[in-house]
Each structure stands twice: as structure tokens, then as C-alpha cells.
Amino acid sequence: MHAALALARRAWGRTHPNPMVGAVIVEDGQIVAEGFHAQDGGTHAERAALAALGRRPKPGATLYVTLEPCSTHGRTGACCDAIRDAGITRVVAGATDPNPAHLGRGFDLLRAAGIEVITSVLEAECADLNLIFNHAMRSAGSPLIAAKSAMTLDGKIATRARQSKWITGPDARADVMRWRRLFPSIGVGAGTVMADNPRLTARIEGEQEWCPWRFVFDGLLRTVVSRDLPALYTDEFRERTIVVTTPHGGLGYVRKLRDMGVKVWCLDSPTQRVAIPAFRRKCADEKITGVFLEGGAQLVSEFLQERQIDYFFAYTAPMLFADNKGKSAYSGLRTEQLAQAVRMTDTRHASFGDDFLIRGRAVYPEKLQVDETVFSIG
């Protein structure tokens, strides 16, 4: 199963909206064929492994696969049928497919065909591989919205003079690039664009630079006022940039962006802030299944205040500012009791040099107390 997982990761970020899946065929204790799902619409991992074998499996052959084989006939045909027709007698699977059309049905069909089925092998690792796909399947296509922070031990992302480069080291920043490559989109606020002029691409050593959808949240279109426009609006990937704004931003600026090839989502809002639930619905309509929020602090705090962060990536460096005027990663809540805290579950941990990462799914208290004073002026 570890070998199947390694195969699945070869398609890191390339299969949306489908999951990453790896499969190996084992005969007499040896791997004799491998396959993985390389891209949306491509051959499924099980069929790729069977094709790589190039013959009928030997009696007693086992197929290891990271995800429950599909049981419905889509663009590539049901993998359960291919497994049965090939004569595989034993299937070992990692995670169960959360797709309601498949959930457990593939296992039932294989068993009904007389195939031995073993499930839940390295289940947590196999499920973690497809965070974005799993969330979309369980939420009717709603995107997984994740917030990334790079902070000190006391939760600061910048000094009082707004210095922030770099709090975490190169290894942690390289890991951020890896997650950028996974997520279909990255989101930042207007303040971050004007202060940092970010490129928001995945730049991984040995690989071609890759550009996801790049969201700029700018309710008043402040980023378009200056004569010196941000790189996101003028670079070679500008058609991958989407400015999310409101009717308060001005139609002239909207036309200016569109004339440059930049996309604009103008979402109804009673205020100058982007209506975050409307943004989530628009992503679902456009089949964008994941959003990686990278700042700034005001933007991610607004998402947090509205319970719209599903997942956290918290990179932490071994340093302290111990300065109440340093910039905090999150703000705007009124947390008087421990029971009111936002928590993480299904957590994963990793070390990158001296830095460490804790990531996990957001769990909100029954009642989230928002500091209305902070929220009204954020």
C-alpha cells in the first residue's frame, strides 16, 4: 500500500476534480505491475495497472489500491468490472470512496463476484491524500477552504514594523509550494497584493512553474487604482487571476481588468466586503474544489469569523516577538471560555528544519463569539 500511495502522489495536483489513486498488482509476494490516475478523464489506476501487466494475472494475484474501486460507468468504465474480468481474486483497499454514488458499493460488488476484499489498510494515509476531493464529495461540491499561516510561537506573522520575511525557513517555504501545487486556487486580500506584489505560483525545484487560479479579494478594487498594477494583473498568467469584488468597486475598474484579460467575480454584497458565503457558492458553481488562503490576516480572520475556514495549515518558527503590537495571524473573535475556542481535529504534524507544521480540520464551537468592534472596522 505504501508503494500504491507513492504512485498516487505522482499526480499531485493534476487530477482535480477527481482523486489521486495508485494501484499495484502483486504475484507471489512481488509487485509485477503499477498504475496511477494521472489526470482528470484519464485511465483509472486499477485499469492502468492491469494494462501495464499486459496479460492475465496469475492465480492468487492481489490488487492493492489506495481508494475503493469505482462501481459506476463514467468516461472510463467501472473498475470493479475490469478487476472481475481480469481474474483478480483478492483486492486490498485503503480508503472508502466518499462519493455517494460509490460509497461501499464497489466493495459489495467485488465480494458478490467472489473476490476477497480487505479494506482500511493505511486508511488514514489514503484518506489524507485526497483532502480536497473528500471534502467536495461530502459537501455537495463545496470547496475546501484552507488557511495557511507562517508565524512565531506567540502567533505573530509580522513585527510592529510589518517585517515578515522570513519568519519560517526555506524548507517550510518549499513545503508551502508543494501545497500550492495541490490546491486548484490560492486566495489573498487586496492589502497583501499591494504590500507584497506576490506571484502566487507553485515554484518547485526541478518542475515547471505552475499557476493555479489566483483569487484577489478586493471589495473596492483598491488594487486597480494605482498606475503600477500588481504582477497578478500583468504577468503571463494573468488569465488565471480572478478578482473577487462587490458592486461598490466601480464598473470602470471592472472593465479595465477584463480588458487586460483578468477575470472578475462581482458578487452582491450589502457592504464593501466580499460576501464570503456567496464566494463559496460561486466556487462550487465553477467546479473549483479547493482554495488555499495565504493572507493577509484581515482576510483570513474574516473567513474565520464567518466559519468559512475548513482546514488550517499552521507553520510555526521557534522565535518569539512577545509584542502586543506585532501582527497576529488571526483576530476578531471574543473567546472568554476554552469551550469557545476553534480547534483542529484529524491533525497531522511535520518538521522542516527548525520549523514545524500542524495541519488539520477546523472544528467550531456551537456558538462562535465575534468581537463586533473588530469585525466592523476590519
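Just so it is clear, the structure is predicted and the values come from calculations on it, not from any experiment. (Residues numbered from 1 in each chain as written. Predicted model: local features only at pLDDT ≥ 70, side-chain atom pairs only at ≥ 80, totals over all residues. Heavy atoms only, no water.)

Peer 1: Report on the overall build of the protein chain, specifying residues and quantitative values.
Peer 2: The helix and strand inventory of the protein chain stands at twelve helices and 16 strands. In terms of C-alpha radius of gyration, the protein chain reaches 23 Å, essentially the compact-globule figure of 21 Å for 378 residues. Sequence-distant contacts, at least 24 apart, represent 71% of the contacts inside the protein chain between residues at least 6 apart. Of the accessible surface of the protein chain, which amounts to about 18,000 Å², a share of 49% is contributed by carbon and sulfur atoms. (Helix = DSSP H or I, 4+ residues; strand = E, 2+ residues; numbered from the N terminus. Rg over C-alpha atoms; globule rule 2.2 N^0.38 Å. Contact = heavy atoms within 4.5 Å. Areas by Shrake-Rupley, 256 points an atom, 1.4 Å probe, with all protein chains shown as cover.)

Peer 1: Pulling in residues and values, what's your account of the pairing of strand β1 (residues 22-27)?
Peer 2: For β1, the buried fraction is high: six of the six residues fall into the buried class. Alternating positions in β1 separate into two faces, Gly-22, Val-24 and Val-26 on one and Ala-23, Ile-25 and Glu-27 on the other, with burial throughout. Relative to strand β2 (residues 30-36), β1 runs antiparallel, the two being bridged by six bridges. For Ala-23, the partnering residue across the bridge sits in β2 and is Gly-35. Between the antiparallel neighbours β1 and β2 lie two residues, among them Asp-28 with a positive phi of about 50°. The pairing of β1 with strand β3 (residues 62-67) spans four bridges and is antiparallel. Across the sheet, Val-26 pairs through a bridge with Thr-62, a residue of β3. (Buried < 20%, exposed > 50% of the residue type's maximum accessible area, 1.4 Å probe, protein only. Pairing = 2+ DSSP bridges.)

Peer 1: How would you sum up the sheet that holds strand β6 (residues 144-151)? Please name residues and give values.
Peer 2: Pairing in this open sheet of nine strands is mixed, and the strands run β11-β10-β9-β8-β12-β6-β13-β16-β15 from one edge to the other. Every interior strand has two partners, whereas the edge strands, β11 (263-266) and β15 (343-352), have only one. Pairwise comparison of adjacent strand axes, ignoring direction, gives a mean angle of 20° for this sheet. Pairing between strand β13 (residues 311-316) and strand β16 (residues 355-363): six bridges, direction antiparallel. Each bridged residue has a counterpart across the sheet, and for Thr-316 the counterpart in β16 is Phe-356. (Axes fitted to C-alpha atoms, helices over the stretch in contact; angles between N-to-C directions.)

Peer 1: Account for the nonpolar core, naming residues and giving values.
Peer 2: Judged by nonpolar contacts, the single largest core of 63 residues is most densely connected at Ile-25, Ile-88, Phe-183 and Phe-313. Setting aside residues no more than four positions away along its own chain, Phe-313 makes contact with Ala-146, Ala-147, Lys-148, Ser-149, Trp-179, Phe-183, Phe-292, Leu-357, Ile-358 and Arg-359. Core analysis: the next-biggest nonpolar cluster, separate from the first, contains 25 residues, Val-244, Trp-265, Phe-279 and Val-291 among them. (Core = buried A, V, L, I, M, F, W, Y, C linked by side-chain atoms within 4.5 Å.)

Peer 1: So what's going on with helix α7 (residues 170-182)? Residues and values would help.
Peer 2: Relative to the 18 Å expected for 13 residues at 1.5 Å per residue, α7 spans 19 Å between its end C-alpha atoms, a close match to the ideal helical length. Among the residues of α7, Ala-172, Asp-175, Val-176, Met-177, Trp-179, Arg-180, Arg-181 and Leu-182 are the ones counted as buried. (Expected span 1.5 Å × (residues − 1).)

Peer 1: Quick rundown of a nonpolar patch on the surface? Include the residues and the values.
Peer 2: Nonpolar side chains collect at one region of the surface, where Leu-153, Leu-320 and Phe-356 lie side by side and expose about 310 Å² of accessible area between them. Residue placement: Phe-356 occurs in strand β16. (Patch = residues over 30% accessible without salt bridge, like charges linked within 9 Å, V, L, I, M, F, W, Y side chains within 5 Å. Salt bridge = Lys/Arg side-chain N within 4 Å of Asp/Glu carboxyl O.)

Peer 1: A description of the pattern of salt bridges should follow, citing residues and the corresponding values.
Peer 2: Enumeration over the complete set of coordinates arrives at 19 salt bridges. Measuring nitrogen to oxygen at the nearest pair gives 3.5 Å for the salt bridge that ties Asp-81 to Arg-84. Of this pair, Asp-81 and Arg-84 both sit in helix α3 (residues 79-86), three residues apart, which is roughly one turn of that helix. Residue Arg-84 is classed as partly exposed on the basis of its relative accessible area of 41%. Across the salt bridge formed by Arg-273 and Glu-302, the nearest N and O atoms sit 2.6 Å from each other. Taken as a pair, Arg-273 in the loop between β11 and α10 (276-285) and Glu-302 in helix α11 (residues 297-305) lie far apart in primary sequence, 29 residues in all.

Peer 1: Can you break down helix α4 (residues 105-112) residue by residue, with the values?
Peer 2: For α4, every residue scored as buried is listed here: Gly-106, Phe-107 and Leu-110. Down the axis of α4, the smallest arc covering the buried residues is 100°, so these residues share one side. Its buried side turned inward, α4 meets α3, β4 (90-95) and β5 (116-118). A positive phi of about 85° marks Gly-114, the residue just after α4. (Arc of directions from axis to C-beta.)

Peer 1: Any details on the packing of helix α2 (residues 45-53) against α3? Residues and values, ideally.
Peer 2: Put simply, α2 and α3 touch, their axes get as near as 9 Å, and they point 30° apart. Between α2 and α3, the crossing angle belongs to the class labelled roughly parallel. Both α2 and α3 take part in a crossing whose hand is left-handed. Of α3, the residues touching α2 (which contributes Glu-46, Arg-47 and Leu-50) are Cys-79, Ala-82, Ile-83 and Ala-86. (Parallel < 35°, antiparallel > 145°, perpendicular 65-115°, else oblique. Left-handed = near helix turned anticlockwise from the far one by under 90°.)

Peer 1: How would you summarise the sheet that holds β1 if you had to cite specific residues and measurements?
Peer 2: Within a sheet, adjacent strands bond to each other through the backbone by hydrogen bonds, running parallel or antiparallel. Strand order in this open sheet of five strands is β2-β1-β3-β4-β5, and the pairing throughout is mixed. Where the open sheet ends on each side, the last strands, each with one partner, are β2 and β5. Direction aside, the axes of adjacent strands within the sheet are offset by 20° on average. Pairing geometry for β3 and β4, over five bridges, is parallel. Paired with Leu-63 across the strands is Val-91, a residue of β4.

Peer 1: Got a sec to walk through the packing of aromatic side chains? Specific residues and values, please.
Peer 2: Inspection of the entire model under this criterion finds 15 aromatic pairs. Taking 6.3 Å as the distance between ring centres and 45° as the angle between the ring planes, the aromatic pair formed by Tyr-315 and Phe-352 counts as tilted. Taken together, the positions of Tyr-315 in strand β13 and Phe-352 in strand β15 put the pair 37 residues apart, joining distant regions of the chain. The exposure class assigned to Phe-352 is buried, which follows from its relative accessible area of 17%. Over the ring of Trp-179 we find Arg-178; its NZ or CZ atom is 4.8 Å from the centre of that ring. (Phe/Tyr/Trp six-rings, centres within 6.5 Å; stacked < 30°, edge-to-face > 60°. Lys NZ or Arg CZ within 6 Å of the ring centre and 35° of its normal.)

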